[in-house]
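Single-letter residue listing:
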Amino acid sequence: RIDKDGFVRWTVNGVAVCDAPQSQLEPDIAPDGSGGAIIVWTDTRDGDNDIYAQRIDSTGKSLWTPNGVCVEAHTVAL
């Protein structure tokens with residue numbers, strides 16, 4: 001997070017939203033109205049293309065479950 005004056009407000013290299021194994025792809029971000037953000041992405045940690053989300057507060061702290069919350073699970077039919 002960088003403020004309107006160009007000052008880094010979180011850590012210099014950013015804040016990890018998810019460090020789960022496998023791939024996290026196609027992130028999207030929206031403001032949460034309180035100075036933080038909600039981030040969503042496609043995640044393959046369980047072998048499927050599930051959708052996960054995480055809310056980060058204005059100080060860079062994760063507010064939901066570590067590595068995000070599954071908001072849409074996909075299963076592969078055999």
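Coordinates for the structure precede this section.
So, here is what we can say about the structure in this document.

**Structural notes on unusual backbone geometry**
With a phi close to 75°, glutamine 22 is a non-glycine residue in the positive phi region. Counting through the fold element by element, glutamine 22 comes out in the segment before β1 (24–31). With a phi close to 50°, glutamate 26 is a non-glycine residue in the positive phi region. With respect to the helices and strands, the residue glutamate 26 is situated in strand β1.

**A look at the pattern of salt bridges**
What the rule picks out here adds up to three salt bridges. Here arginine 55 makes a salt bridge to aspartate 32, at a shortest N to O gap of 2.9 Å. With arginine 55 in strand β3 (residues 50–56) and aspartate 32 in the loop between β1 and β2 (37–43), this residue pair connects regions lying 23 residues apart in the sequence. Arginine 55 gets classed as partly exposed once you look at its relative accessible area, which sits at 25%. A salt bridge links aspartate 43 to arginine 45, with the nearest nitrogen and oxygen atoms 2.9 Å apart.

**Notes on the sheet that holds strand β4 (residues 69–72)**
The four strands lie next to each other as β1-β2-β3-β4, forming an open sheet whose pairing is antiparallel. Looking at strand neighbours, the two that pair on one side only are β1 and β4, the edges of this open sheet. Neighbour to neighbour, the strand axes of the sheet diverge by 30° on average, direction disregarded. With six bridges connecting them, β1 and β2 associate as antiparallel partners. Note on β2: the bridge partner recorded for aspartate 28 is valine 40.

Thresholds, definitions, all that
- Along each chain, numbering runs from 1 in the same order as the chain's sequence is written.
- Local features in a predicted model are, by the rule used here, given only for residues with pLDDT of at least 70; side-chain atom pairs are given and counted only at 80 or more, and totals for whole chains, interfaces and linings are based on all residues.
- Side-chain calculation: all heavy atoms of the structure are included, whereas hydrogens and water are not.
- Counting from the N terminus, the helices are the DSSP runs of H or I reaching at least four residues and the strands are the DSSP runs of E reaching at least two.
- Salt-bridge detection follows one rule: a side-chain nitrogen of Lys or Arg within 4 Å of a carboxyl oxygen of Asp or Glu.
- A simple rule labels every residue: compare its accessible area, found with a 1.4 Å probe on the protein chains alone, to the largest value its type can have, and call it buried under 20%, exposed over 50%, or partly exposed in between.
- Strand pairing is assigned whenever DSSP detects at least two bridges linking the two strands.
- Only C-alpha atoms enter the line fits that serve as axes; for helices the fit covers just the stretch in contact. Angles between N-to-C directions range over 0 to 180 degrees.

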